[in-house]
Amino acid sequence: MRLADIARLLDATVEGDPTLEIDDLQPLDEAGPRSLSFVSNQRYLALLKTTRAGAVILGPQAEGPGCAVLRVANPYMAFALALGLFDRPVDPPAGISPAAHVAATAHVGEGARIAPGVVIGEHVTIGARARLHPGVVIYPEATIGDDFLAHANAVVRERVRIGARVTLGPGVVLGGDGFGFLPLPGGGIFKLPQIGTVEVGDDVEIGANTTVDRATIGTTRLANGVKLDNLVMVAHGCRIGEETMLAGQSGLAGSTIIGKRVQFGGQVGAAGHLEIGDDVRVAAKSGIDNDVPPGRVIGGYPEMDIRLWRRIAAAVQKLPELLRRVRRLERALGTETPRAKAGEGD
Amino acid sequence: MRLADIARLLDATVEGDPTLEIDDLQPLDEAGPRSLSFVSNQRYLALLKTTRAGAVILGPQAEGPGCAVLRVANPYMAFALALGLFDRPVDPPAGISPAAHVAATAHVGEGARIAPGVVIGEHVTIGARARLHPGVVIYPEATIGDDFLAHANAVVRERVRIGARVTLGPGVVLGGDGFGFLPLPGGGIFKLPQIGTVEVGDDVEIGANTTVDRATIGTTRLANGVKLDNLVMVAHGCRIGEETMLAGQSGLAGSTIIGKRVQFGGQVGAAGHLEIGDDVRVAAKSGIDNDVPPGRVIGGYPEMDIRLWRRIAAAVQKLPELLRRVRRLERALGTETPRAKAGEGD
Amino acid sequence: MRLADIARLLDATVEGDPTLEIDDLQPLDEAGPRSLSFVSNQRYLALLKTTRAGAVILGPQAEGPGCAVLRVANPYMAFALALGLFDRPVDPPAGISPAAHVAATAHVGEGARIAPGVVIGEHVTIGARARLHPGVVIYPEATIGDDFLAHANAVVRERVRIGARVTLGPGVVLGGDGFGFLPLPGGGIFKLPQIGTVEVGDDVEIGANTTVDRATIGTTRLANGVKLDNLVMVAHGCRIGEETMLAGQSGLAGSTIIGKRVQFGGQVGAAGHLEIGDDVRVAAKSGIDNDVPPGRVIGGYPEMDIRLWRRIAAAVQKLPELLRRVRRLERALGTETPRAKAGEGD
C-alpha cells in the first residue's frame, strides 16, 4: 500500500516520499523500512531517533525522525484507523462444517461460518453472519443476534440472550450457575437452583476465559457496548451499564449494579449488592465495599477518593518513622504508658 | 402452578387468592402478575411497594404489598425451595452420542447422557447417570462416582478421583500440573514431574474456569461438600475440608490445608504450607500469610482479626492528618529533627 | 524398583535394606511400606516419627526415622530426580486421530499424537513429536516447534509463533485479542484491531486457563524458559524475560517489560508500560506501579522494598493505638484543634 493512499484514508499530510510502499504497522523498535509506525506512549519518544521505520504517524507539533511522516491532527485516532488497514482477521470456512453438531430445531442465519467441533443445542436461534470457531458450545434455547463472533471453546449456557455484534474470546463462559449455596443449620449445604439467565446487549466484547454467571432469579445484564477483559468474573444478578469497561481479573460479587461508562483497572473487586454510579473510575486492585456516587474517581480498599488514597499510600511509608517520632514526643513529655512501651516493637 | 399448590410445598399460608396461576419466580423489579417474588436483601425492601408481582414470599412480621402473600417462618429457605419448583435444567440427550469418543476400556454407568465432542480416555470409570456436556475431556484412568455433571469443555486429567454428585462448571480443570520448577544454580529450570493426583469428595461443586492442580506427590484433596466459585485457583497438594466455600478468584498456594466450613470472600489469597482451622471466615481480598486458628474471622494482608482490620481501615484514612498533627506537636515542643523535617513531604 | 537401583540413579547411599521394593513416591503422611518419601518442608519434620514409609530421602546430617534411608548431599534435588522415576505421563494415542480436523495445508511433523476433537487450521506448521490432547484448537498460520505438548482445550490463535519443548496446560489461550478500546468523544467505543501476535520461546510452560494476549501491533513475547502458573493474565505487548516465573492469578497490564529470572508470588498485579529489571522478586498480592531496578525484592501496593513493607505491615496494626497516643500528647500540650477532635472517631 502506498503511503499516499494511507494518508488519504487517515486524512493525513505526507511529509516525504508519497510513493513509499508500506507493508505493515509496527512498533518503533520492531519497524523496518516498509513499516509505518507510531509513538504509542510518551515513554517511547526516544525510540523515534533510532527507529528503522519507513514512516511514522505524528501530531501537528511533533518533530519528525528523518523518515517520512504522516502528519495528523489526532495521532492516536489515526493509528486506530490505520490498524484496520492492516488487519487480517481469520474466520472459519464459509458454511456449516459437517463436523459441527447443529440441533435440528436450531436456527442459524444466513452467511454463517461454523467450524468443526461446534455444538449448537435445541431451539437455539442465531442471527446472520455468525462466526463460530472450533469447540464453541451453545446450550439449548439461547438466542443470539447478528454478526456473532465466538472464539474457540467459548460456552453459552441455556436460555442466555445475546444482542448483535457480540464477540466472545476463547474460553468465555456465559450463563454458568451463580454461586448460591445455603449452609443448613444441622450440616449439609443446600444448592439454590440458578433459574435466572444472562442478557447481553449489542456491541459487547468479552475477553478470554472470562465468566459471567446467570442470575439466581431474573437476569444478569451486560448493557450495550460493555467490554470485559480476560479472566473477569461477573457474579449472579449483576447489571453493568452501557460502555462500561472492566480490566483483567476484576470481579463483581452478586447483584452489584454498575452504571454507564465506568472503568475498572485490573484486579479490582466489588462486594455484592452495591450501586456504582455512571462514569466512576477505579484504580487497579481497589476493593469496593460501599455504594459509589456517579463521577467519582476512587482507589484503595475500602475505596476512597483517589487523591486521598494517593496521599495515604505515601503517608503509609512514613509510618515506622512516625511511631519513633511519637515515642520521642512521649519521652520528652514524660507521658509514656506501660501499654505504649509494650506495644511498640521497633 | 396454582399459588395454593406452591404454598403446600413450601409449608406456607396463602394470604390472597389461592387459585392464582404462577408461571415463574422473579426479582421484585422484574416480576409480572403471574410471578412469585421475594425480598432477597433488605436493601430492596422499597421495591415491595412498586412490584407488579402476583405474589410474594414474606416472613411472619413483614407487611404485605397489596398482592397475594405466601406467609412462611423462614422466607429465605422457602425461596430456596421455590427455586426448585421452577428449575428447568437442560441435560444432554439420553445415551452416548455417536459423536462422543469413549475409549473401549472405559466404563460408563447406566443412564448416561454423553454429548457430542466428549472424549473419555482409556480405563476411565464413571458411575450411573453421568451428564457430560459437549467438549468435556476425561483423561485416562480417572474414576468418577454416580450423578456426575460436567459442563461444556471441563477437563479432568489422568487418575483424578471424583466422588458422587459432583458438578463441574464449564471450563473447569481438575488435575493440571502443579507449578513445580527448580531453578538450577548454573541456569536452566528443572521441571518437577507432578506425579500426584487430585481427589474430590461427594457433593462438590466447582465454578466456571476454576483450576485445581494435582499434587507433586500424594493428593490434592477437596473433601465432601466443598464449593468453589469461578476462576478459583487451588495449587498442588492443598487440602480443603468439608463444606468449605471459596468465592470467586480466590487462590491457595501449594500445600495449604483448610479446615471444615471455612468461607473465603472473593479474591482472597493464602500463602503455601499454612493451616487454616475449621469455621474460619475471611473477608474479600485478604492475604493470609500465617496459620489461622479455628473460628477466627479475619481480614487484611497480612490477615488479622476482622475488628482490628476494620478499625485500621478507618484509621488509615486519618494518616495524612496524623502526620500534620505530630509535626505540630514537634514544633510546640521544639523537638523537630532534620530527619523528621526531610521525611515529611506533605 | 529396588531401593539400591534408585540409590544408584540418585547418587545416594543406602542405609537399610537395599533389596527393598519401592512402588511409589509419597508424602510422609500418605506413604506405605513400599513407598519412598521425603521431607518437603521443615514444617513437616515431625511426620518423620510417624511415617509408615519404607524409605526416606535425607540430607547428610538429618536423623533417620527407623526405616531405610537414602542419604544424599542435596535432598531436594534428589527428590526432584526421583519424581522422574515414578512419573507415568499419559499421552494421546500415536498418530493423528481420524476424529481430529487437520487442514490440508497444515504441516504436522513426525511422531505426532493428535487426539480426537483437535482442530488445526490452514497453513499451520507443527514440529516433531507433538502431543495434542482433545479439544486443542490451533488457528491458521500458527508456527510451533518440536516436542509441543498441549493439554485439552488449549487454544493458539492465528499467527502465534511457539518455540520448542513448550507445554500448554488445559484451557490456556495464547493470542487472544488485547483489550484495546477507544471511547469516542461523542459516545460509542472504537475497537482497535489487534493486528500483532504472540511469540513464545523454547522450554516455556503455561498453566491451566492462563491467557496471553496478542499485541495491538508488534509482538507479545515470552522468552525461553518462562513459566506461568494457572489463571495468569499477560496483556498485549508485554515482554517477559528468560526463566521468569509468575505465580497463579498474577496479571500484567499492557506493554510492561519484565526482565530475566524474575519471580512473582500469586495475585501480583503490574501496571502498564513499566520496566521491571532482572532478578526482581515480588511478594504475593503486590501491586507494581513504577519501574523496578534489577535485583530488588519488593512487596506492597504501590511496591516498595520488602523490608520496609514488612515493617509497615507491622506498624499499621498499631495505628488505632497511635491515634490515641497522639491525642493524649495533644491534650497534655493543650494543642487540640477542633478539626483534630472532629476527625478522631475512636
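Some details on the overall build of chain A
Helix and strand content of chain A: five helices and 38 strands. In terms of overall size, chain A is more extended than a compact globule, its C-alpha atoms giving a radius of gyration of 27 Å where 346 residues would be expected to give roughly 20 Å. Along the longest, intermediate and shortest principal axes, the C-alpha atoms of chain A span 85 × 70 × 30 Å. The contacts in chain A between residues at least 6 apart in sequence include a share of 19% that link residues at least 24 apart.

What to know about the interface of chain A and chain C
Counting residues at the interface gives 57 residues for chain A, matched by 57 residues for chain C. Going through the elements one at a time, helix 2 (75-85), helix 3 (306-316), helix 4 (319-333) and helix 5 (338-343) of chain A are the ones with two or more residues in the side of chain A that touches chain C. Among the elements that take part in the side of chain A that touches chain C, helix 4 of chain A stands out by supplying seven residues, more than any other. Across the side of chain A that touches chain C, the residue classes tally to 26 nonpolar, 21 polar and 10 charged.

Quick word on the domain arrangement of chain A
All names here are of chain A. Its domain assignment divides chain A into domain 1 (3-85), domain 2 (95-304) and domain 3 (305-346). Centre-to-centre, using C-alpha coordinates, domain 2 lies 46 Å away from domain 3. Each partner contributes residues to the interface: domain 2 has six residues there, and domain 3 has four residues. If one sorts the elements of the side of domain 2 that touches domain 3 by residue count, strand 37 (residues 297-299) sits on top with three residues. Residues that form the side of domain 2 that touches domain 3 fall into these classes: four nonpolar, two polar and no charged.

Here's the deal with the pairing of strand 22 (residues 197-200) of chain A
Residues and elements named next belong to chain A. Burial along strand 22 is two-sided: T197 and E199 facing one way and V198 and V200 facing the other are all buried. As paired strands, strand 17 (residues 161-162) and strand 22 are joined by two bridges and run parallel to one another. The residue bridging R161 from the neighbouring strand is E199, located in strand 22.

Thoughts on the packing of helix 3 of chain A against helix 4 (residues 319-333) of chain B
Contact pair helix 3 of chain A / helix 4 of chain B: the axes reach a minimum separation of 8 Å and the direction vectors enclose 55°. Judged by the inter-axis angle, helix 3 of chain A sits oblique to helix 4 of chain B. For the pair formed by helix 3 of chain A and helix 4 of chain B, the contact residues are A:R311, A:I312, A:A315 and A:V316 on the first element and B:L319, B:P320 and B:L323 on the second. Class assignment of the residues belonging to the contact of helix 3 of chain A with helix 4 of chain B gives a composition of six nonpolar, no polar and one charged.

Comments concerning the relation of the copies chain A and chain C
Overlay of chain A on chain C (RMSD 0.0 Å): rotation 120°, translation along the axis 0.0 Å. The operation mapping one copy onto its partner corresponds to a three-fold rotation axis. When the interface residues of chain A are mapped onto chain C, a mere 18% of them are again interface residues, pointing to distinct binding faces.

Describing the interface of chain B and chain A
Each partner contributes residues to the interface: chain B has 58 residues there, and chain A has 57 residues. Secondary structure elements with two or more residues in the side of chain B that touches chain A: helix 2 (75-86), helix 3 (306-316), helix 4 and helix 5 (338-343) of chain B. If you tally residues by element for the side of chain B that touches chain A, the top one is helix 4 of chain B, at seven residues. The residue inventory of the side of chain B that touches chain A, partitioned by class, reads 26 nonpolar, 21 polar and 11 charged.

Here's the deal with the relation of the copies chain B and chain A
The two copies are related by a screw operation: chain B maps onto chain A through 120° of rotation and 0.0 Å of translation along the axis, at an RMSD of 0.0 Å. In this assembly the copies use different faces: only 17% of the residues contributing to the interface of chain B also contribute to that of chain A.

Considering the sheet that holds strand 17 (residues 161-162) of chain C
All names here are of chain C. Read from one edge to the other, the open sheet built from nine strands follows the order 8-11-14-17-22-25-28-31-34, with strand pairing classed as parallel. The open sheet has two free edges, formed respectively by strand 8 (107-108) and strand 34 (275-276), since each of these has just one partner strand. When strand 25 (residues 219-222) meets strand 28 (residues 239-240), the two strands line up parallel, connected through two bridges. The partner of L222 across the bridge, within strand 28, is I240.

Some points on the sheet that holds strand 26 (residues 227-228) of chain B
All names here are of chain B. Here 12 strands make up an open sheet; going across it, the order is 6-9-12-15-18-23-26-29-32-35-37-38 and the pairing mixed. On the outer flanks of this sheet lie strand 6 (95-96) and strand 38 (304-305), each paired with one strand and no other. Both strand 23 (residues 205-206) and strand 26 contribute to a ladder of two bridges, which runs parallel. Directly across from E205, in strand 26, lies its bridge partner K227.

Here we look at the environment of A:P60
Residues and elements named next belong to chain A. Among the secondary structure elements, P60 is positioned in the loop between strand 4 (55-58) and strand 5 (68-71). Among the residues examined, P60 registers 10 C-beta atoms within 10 Å and is labelled exposed. Separated by 85 residues in sequence, P60 and G145 have C-alpha atoms that sit 42 Å apart.

Remarks on the pairing of strand 25 (residues 219-222) of chain B
Bridge analysis of strand 22 (residues 197-200) of chain B against strand 25 of chain B gives four bridges, and the strand direction is parallel. Across the sheet, B:T197 pairs through a bridge with B:T219, a residue of strand 25 of chain B.

Here we look at unusual backbone geometry
Residue A:Y301 is joined to A:P302 through a cis peptide bond whose omega torsion reads -5°. Relative to the assigned elements, A:P302 resides in the loop between strand 37 and strand 38 (304-305). Located in the positive-phi region is C:L231, a residue other than glycine, with phi close to 55°. Secondary-structure assignment places C:L231 in the loop between strand 26 (227-228) and strand 27 (233-234). The class of C:L231 is buried, set by 30 C-beta atoms lying within 10 Å.

Some thoughts on the confidence of the model for chain A
Residue and element names in this part refer to chain A. Mean pLDDT for chain A: 94, with 97% of residues reaching 70 or above. Of the regions scoring below 50 in pLDDT, residues 340-346 engages in 11 contacts with residues more than four places distant in sequence or in other chains. Predicted as a complex, the structure gets a pTM of 0.96 and an ipTM equal to 0.95.

Observations concerning helix 1 (residues 3-10) of chain C
Think of an α-helix as 3.6 residues a turn; residues three or four steps apart then line up on the same face. Residue and element names in this part refer to chain C. By the burial criterion, the buried members of helix 1 are L3, I6, A7 and L10. Axial view of helix 1: buried residues confined to an arc of 105°, hence all on one face. Residues of helix 1 that are exposed and point over 90 degrees away from its buried face: D5 and R8. On its buried face, helix 1 is in contact with strand 1 (13-15), strand 3 (35-38), strand 4 (55-58), strand 5 (68-71) and helix 2 (75-86). D11 occupies a position one or two residues after helix 1 and carries a positive phi of about 60°.

Remarks on helix 4 (residues 319-333) of chain C
Here helix 4 of chain C spans 21 Å end to end across 15 residues, near enough to the 21 Å set by a 1.5 Å rise per residue. C:G334 occupies a position one or two residues after helix 4 of chain C and carries a positive phi of about 65°.

Criteria and cut-off values
Residues numbered from 1 in each chain as written. Chains lettered and ligands numbered in written order. Predicted model: local features only at pLDDT ≥ 70, side-chain atom pairs only at ≥ 80, totals over all residues. Helix = DSSP H or I, 4+ residues; strand = E, 2+ residues; numbered from the N terminus. Rg over C-alpha atoms; globule rule 2.2 N^0.38 Å. Contact = placed C-beta atoms within 7 Å. Nonpolar A, V, L, I, M, F, W, Y, C, P; charged D, E, K, R; others polar. Domains from an automatic or database assignment. Buried ≥ 20, exposed ≤ 12 C-beta atoms within 10 Å, placed from the backbone. Pairing = 2+ DSSP bridges. Axes fitted to C-alpha atoms, helices over the stretch in contact; angles between N-to-C directions. Parallel < 35°, antiparallel > 145°, perpendicular 65-115°, else oblique. Least-squares fit on C-alpha atoms with pLDDT ≥ 70 in both. pLDDT = per-residue confidence, 0-100. Arc of directions from axis to C-beta. Expected span 1.5 Å × (residues − 1).

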